[in-house]
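# Breakdown of the fold
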Amino acid sequence: MKGEEMNDEKRLIIVAYRIPFKVTFQESGERTLQQNSGGLVSAILSLAEKGEAISDKQKIHWFGYSTPDILQEGETKVENENFIVHPVLLDDELNEAYYEGFCNSTIWPISHYYPYLTSFDEDHYEAYVKANKIFADKINAFIRPGDIVWIQDYQLMLLPAMIRAEHPEASIGYFHHIPFATFEIFRLLPKQWQSDLLKGLIGADLIGFHTNDYSQYFLRSVQRILGYDTTVRDISIGNRIVRVDTFPISIDYNKFQSLYDNPQVMEKRKEFLKDLGREKNIFSVDRLDYSKGLIHRLNGFEYFLDQHPEWHSRVVFTMIVVPSRETILKYAEMKHELEEAVGRINGKYGTLGWRPVVYLYRSLSFDELGALYTLADVALITPIRDGMNLVAKEFVATRTDKKGVLILSEMAGASLELTGAILINPTDRKKLSDAIVQALTMDEQEQAQRMQLMQDRVKVYDIFKWTEDYMDQLDIIKTKQLKFEEKIINQHVLANFKQIFDESSRRLFLLDYDGTLSPIVADPSSSKPSVGIVELLKKISSDFNVNVAIISGRDKEFLNYIFDASTILSAEHGAFLRIPGQDWELQYQYDDQWKHMVLPIFQKYTDRCAGSFIENKSTSLAWHYRNTETEYAHIRSREFIEELENKIGAKSNLTIIDGDKVVEMKPSDADKGIAARKICDLYQPDFILSIGDDRTDEDMFKALPDNALTIKVGVKNSYAKFTIKTQEEVNTILQTFL
Ligand code: GDG
C-alpha cells in the first residue's frame, strides 16, 4: 500500500489459530514476549519495517488462541516492541471439539484426500462455528476504518464473512496453507458445511492458495456449490468482486543459507556425522501425520534395501518424526505402525554394527535441524499430500556447498517450483527405490546444477517476496473494488438528477426487464416482476408525465402480458417496437431462412445437455442452459458457439449473443441500442433514465446521449455511468422520481 492519505491510521491485524510467541515470567514477576523464529513472523515484521502495509508507527496486532495464563490480572493483551498480541480465549472443551475435532479430524483429512479418516460430527461443527464467532467478536470490536486484516488458514474459514458482515468496507485477506481438495472430495462434506465454509471464505477480498490447482479447485466449488460466476481468478458475487490467486509460500532464504557455516551447526554436524558413521546419509523430518507419507517412505526404503544389497552397511536413513496431534486416535495408531515398520526393517537388514533406520520421535533444535540438512546426501521428502512443504525449500537453501540431492513427492505443492529435485510418486516403492539409487550415485556436477536451479527459485521468491506479493494483490483488488464503489450511485447524485427531472418536461425511462425489473429465476417462463414495480411504473408514467419504455430480449406476448397499453415496449432485443396506441411493428425486413440452417445445431446441443432448452422467438433463437450442470454446460456452450460461427461464416448478418447462461442468435439489424435511439428520436426527451443488468443492455448504454442517467445493476464493468449492487435497489431508484 503506497502513498495513501490515511497511512497513520493503517494497522495490520494478523489472525491465526496460533500465536507465534512465547511468554515467559521471570522470578521477579516480569514478563517477556518472545517471537518464534518462524518465517511468516519475520516476513510480517519486515512489512512494518518497510512501511509496506502499515504505518511504521504502528505495531502489528496478532490475534490467536491462547490460554489465559499469559495475561496478568485485568489485561486483555500483551506487547513487545513490534507486536501486540490479543489472546483469544477458548475453554478447553470448546477448543478440543473445535481444533482437534472439526479442524484436525474433518477439514484436515478431507483437504488431504483422506475421506475415510474424516469425521462428520455435528457437535464438532458447532464448536467450529462457535470458536470462529469468538474470534470474530473480538476482532470486530477492535477493527477501525483503514485496517488490514489478514487471516491465516483452515481453522478460520468462517471468519472472513463474519468480519465482513460487521465491517463491509474492511480490507480482508485470507490464506489457505493446506491443499484445497477437488469438488468431488469437498462435496463429501454435508451440504450446509460446504456452503458455510465457502461463504465464509468469500467474505475476504483476496483468497490465497499455494498452487494454481488449489485455486482452481476452490473456484470450481464456489461455482458449483454457491452458483456464482467465476473467471480464472475472480468471483462475482453481485455486490462485490473477490479475487482468488496463487502465492506459493516460501522461507527466509538468507537465514537458512547462513546455516552451513554457522559454528554451532558445524559443531553439531561433525558430531552427528561421527555418530552416524556411514558413507551416505539419507534424511527426513516431518510432523507425525498420515499425509506426510511416512509409512510409504519406509516401505520404499525397505524395497531399496531388498533390491540393493550392495548398499547395505554403507547408508543410513535418519528419520525424524516430530510429535503432533497425539490425542487424535489415528495419529496414535500411526505412531505405533511406524515404530513397527522401523523395527521390522532394522531387524531384517541390520547388523550388530549397522542400523539402517535411525528413528527419532522428537523435535530438533534449530542447530540440530541445520546440521541434519547440511550433512544429508539425500533428503527424502515424500508426502502423500502437502500444501507446500517448507522442509524441502529449507534443505535446498542450506546447501551452500551445492551438494545433496532432493527426492520430492510430486504431491507436494513445492514440487512445482523445485524442479531440480528427483520427483516421484511416493506410493510407487520401485520408483522410490530407483530414485534413492539415482541420488546416491549422482555425480557432484549434476548435484550442483540441480541445486543451483532450485536455489535460484527459492532465493527469488522468498517469504518476504511472498508477503509483499500478497499485500500488493490485496491492495490491487481493493483499489479495483473502490473504483466500482465510486460508480455506486449515492443520494447526492440522485438528488441532482431528481432536480433535472423536476425541471424537465419530456421524461423517458428505458428499462430492461429480466434482472432489472424482475429477479433472475431458474425457469424464465415463471419470472414475475418485483412486487409493486409494475404499479410503481404506472404511477410514474401517469402522475409524473414519464414515458416508460421496456427494452427486453423477451417476446411480444410476454411483454404484453406483463405491461399495460400505456407502456412503450421493445421486444426481442429491439426487433419489435410497440408505441402506445399502435400495433407491434417489426423494425427491419426479416427472413426466417437462417433458422432452418441452425436449428439442428440448437437441437443437437439441447439433446446433449440435459435440462437445457430452446426458446424459438419470432426473430431469434435462444438456447438456455441455466438449469443444467453449470460447468459442463459452459464447456458445451463454447463448442456450440464455435459450431454456430462455423456454420454461418464470417460475413453473416447474424449475431450470436453469449449471454448469462443463454446463447442467443438473431439478425444483426436490431439491438437494444438501435431501439433506444429510435425511441429517443420519437419522444425527443430532455431527461433519460436507463437501467439494465446484462451484456445486451450495454448497447443501450452506449447509444444514449451523455446527459442520460445510465445505471448498471450488479458490480461489473459497464458503459453505464453508475452502478447499483442489487436488483432490489431498482425499486428505490424509481421511487426517487415520485
Ligand atoms: C502447513 C502445510 C505448508 C519441523 N520439525 C522441526 C522444525 N520444523 C519446521 C520446519 C518447517 C516447518 O516446521 C514445517 O513446515 P511444513 O511446510 O513442512 O509443514 P506443516 O507444518 O504441515 O505446515 C504445509 C505450511 O503450512 C506453510 O504454508 O508448507 O504444506 O501443511 O519450517 O523447519 N523446526 C525445528 N525443529 C523441528 O524438529 N526447529
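Residues numbered from 1 in each chain as written. Predicted model: local features only at pLDDT ≥ 70, side-chain atom pairs only at ≥ 80, totals over all residues. Heavy atoms only, no water.

## Quick look at the overall build of the chain
In terms of regular secondary structure, the chain is built from 24 helices and 30 strands. Split into buried and exposed, the 738 residues of the chain put 56% on the buried side. The contacts in the chain between residues at least 6 apart in sequence include a share of 69% that link residues at least 24 apart. A total of about 31600 Å² of accessible surface is found on the chain, and carbon and sulfur atoms cover 49% of it. Between the averaged position of the 86 positive side-chain charges in the chain and that of its 110 negative side-chain charges there is a distance of 2 Å. (Helix = DSSP H or I, 4+ residues; strand = E, 2+ residues; numbered from the N terminus. Buried < 20%, exposed > 50% of the residue type's maximum accessible area, 1.4 Å probe, protein only. Contact = heavy atoms within 4.5 Å. Areas by Shrake-Rupley, 256 points an atom, 1.4 Å probe, with all protein chains shown as cover. Lys, Arg positive; Asp, Glu negative; His and termini not counted. Charge placed at Lys NZ, Arg CZ, Asp CG, Glu CD.)

## A word on the site of the ligand
Around the ligand, 19 residues are found, and the nearest of them are His 177, Leu 364, Asp 386, Met 388 and Glu 394. Arg 287 is positioned with one of its side-chain polar atoms (N or O) 3.1 Å from an oxygen atom of the ligand. Within the backbone of Gly 387, an N or O atom sits 3.1 Å from an oxygen atom of the ligand. The set of elements that each furnish at least two residues to the shell around the ligand consists of strand E13 (280-287), helix H12 (366-375) and helix H13 (390-398). (Near = heavy atom within 4 Å. Polar contact = N/O pair within 3.5 Å; in protein donor to acceptor, adjacent residues only side chain to side chain.)

## A closer look at the domain arrangement of the chain
Along its sequence, the chain is organised into domain 1 (2-246), domain 2 (253-460), domain 3 (488-587 + 670-736) and domain 4 (593-667). The C-alpha centroid of domain 4 is placed 27 Å from the C-alpha centroid of domain 3. Facing 17 residues of domain 3, the contacting portion of domain 4 comprises 14 residues. When domain 3 packs against domain 4, close to 1100 Å² is buried across both sides, 50% of that on carbon and sulfur atoms. It is Glu 572, His 573 and Arg 695 in domain 3 that bury the most area against domain 4; as a group they hold 37% of the surface buried on that side. Our count for the domain 3 to domain 4 interface comes out at zero salt bridges. The tally of links from domain 3 across to domain 4 stands at six residue pairs in polar contact (both at pLDDT 80 or more). A per-class count over the side of domain 3 that touches domain 4 returns eight nonpolar, three polar and six charged. (Domains from an automatic or database assignment. Buried area = accessible area lost by both parts, 1.4 Å probe. Salt bridge = Lys/Arg side-chain N within 4 Å of Asp/Glu carboxyl O. Nonpolar A, V, L, I, M, F, W, Y, C, P; charged D, E, K, R; others polar.)

## Describing the sheet that holds strand E25 (residues 621-624)
If you walk across this open sheet you meet the four strands as E24-E25-E27-E26, and the pairing is antiparallel. Two strands in the sheet have a free side with no partner beyond their single neighbour: strand E24 (613-616) and strand E26 (654-658). Strand-to-strand twist across the sheet, computed as the mean angle between neighbouring axes with direction ignored, equals 15 degrees. Against the sheet, helix H20 (residues 593-608) engages E24, E25, E26 and strand E27 (662-667), with an angle of about 5 degrees to E25. Against the sheet, helix H21 (residues 630-648) makes contact with E25, E26 and E27, and its axis sits at roughly 170 degrees relative to E26, the strand it touches most. (Pairing = 2+ DSSP bridges. Axes fitted to C-alpha atoms, helices over the stretch in contact; angles between N-to-C directions.)

## Brief notes about a negative patch on the surface
A cluster of acidic side chains, namely Asp 91, Asp 92, Glu 93 and Glu 96, defines a negative patch on the protein surface. For Glu 93, the location among the structural elements is in helix H2 (residues 92-111). Overall, Glu 93 belongs to the exposed group, its relative accessible area being 69%. (Patch = residues over 30% accessible without salt bridge, like charges linked within 9 Å, V, L, I, M, F, W, Y side chains within 5 Å.)

## Considering the nonpolar core
Residues Val 15, Tyr 98, Tyr 128, Phe 135, Ile 207, Phe 218 and Ile 407 are the most contacted members of the largest nonpolar core, which totals 99 residues. If one sorts the elements of this core by residue count, H2 sits on top with nine residues. The residue makeup of this core includes at least three contributed by each of domain 1 (2-246) and domain 2 (253-460). Ignoring any residue separated from it by four or fewer positions in sequence, one finds Val 15 in contact with Phe 63, Phe 135, Ile 139, Val 149, Trp 150, Ile 151, Gln 152, Leu 156 and Leu 159. In terms of nonpolar packing, the next biggest core, distinct from the first, is built from 72 residues, Ala 379, Phe 395, Tyr 461 and Phe 484 among them. (Core = buried A, V, L, I, M, F, W, Y, C linked by side-chain atoms within 4.5 Å.)

## Topic: the packing of helix H10 (residues 294-307) against helix H14 (residues 429-440)
Packing of H10 against H14 leaves a shortest axis separation of 8 Å and a crossing angle of 65 degrees. In terms of axis orientation, H10 runs roughly perpendicular to H14. In this structure, H10 meets H14 at a crossing whose hand is right-handed. Residue-level inspection shows His 296, Arg 297, Asn 299, Gly 300, Phe 301, Tyr 303 and Phe 304 of H10 in contact with H14, the latter providing Arg 429, Lys 430, Leu 432, Ser 433, Ile 436, Val 437 and Leu 440. Here the residues of the contact of H10 with H14 sort into seven nonpolar, four polar and three charged. (Parallel < 35°, antiparallel > 145°, perpendicular 65-115°, else oblique. Left-handed = near helix turned anticlockwise from the far one by under 90°.)

## Side note on the packing of aromatic side chains
As enumerated under the stated definition, the model contains 44 aromatic pairs in all. Ring geometry for Phe 102 against Trp 193: centres 5.2 Å apart, planes inclined by 80 degrees, an arrangement best described as edge-to-face. Linking Phe 102 in helix H2 with Trp 193 in helix H6 (residues 191-201), this pair joins segments that are 91 residues apart in sequence. Just as Phe 102 is buried, Trp 193 falls in that class too. What links up through ring pairs into an aromatic cluster is the set Tyr 17, Tyr 65, Tyr 98, Tyr 99, Phe 102, Tyr 125, Tyr 128 and Trp 193. Over the aromatic face of Tyr 260 sits the side chain of Arg 269, whose NZ or CZ is 4.1 Å from the ring centroid. Geometry around Tyr 605 places Arg 608 over its ring, the cationic atom sitting 5.6 Å from the centre. (Phe/Tyr/Trp six-rings, centres within 6.5 Å; stacked < 30°, edge-to-face > 60°. Lys NZ or Arg CZ within 6 Å of the ring centre and 35° of its normal.)

## Remarks on the pattern of salt bridges
The full count for this structure, using the stated rule, is 40 salt bridges. Between Asp 543 and Lys 539 there is a salt bridge, with its nearest N and O atoms 3.2 Å apart. Linking Asp 543 with Lys 539, this pair stays in helix H18 (residues 533-543), spanning four residues, or about one helical turn. When its relative accessible area of 41% is taken as the criterion, Lys 539 is described as partly exposed. Within this structure, Arg 164, Asp 205, Arg 240 and Lys 478 form a network of salt bridges that share partners.

## Considerations on the pairing of strand E16 (residues 378-381)
Burial along E16 is two-sided: the face carrying Val 378 and Leu 380 and the face carrying Ala 379 and Ile 381 are both buried. Where E13 and E16 come together, two bridges link them in parallel fashion. Counted as the bridge partner of Phe 283 is Ala 379 from E16. Here E16 runs beside strand E17 (residues 405-409); their pairing, made up of four bridges, is parallel. Bridging from a neighbouring strand, Ile 381 pairs with Leu 408 of E17.

## Concerning the environment of Arg 362
Considering the arrangement of structural elements, one finds Arg 362 in the loop between strand E15 (357-361) and H12. On the basis of relative accessible area, Arg 362 is assigned to the partly exposed category, the value being 34%. Here the alpha-carbon distance between Arg 362 and Val 322, two residues 40 residues apart in the chain, equals 4.9 Å. Dropping the residues within four chain positions of it, Arg 362 is found in contact with Ile 320, Val 321, Val 322, Pro 323 and Glu 368.

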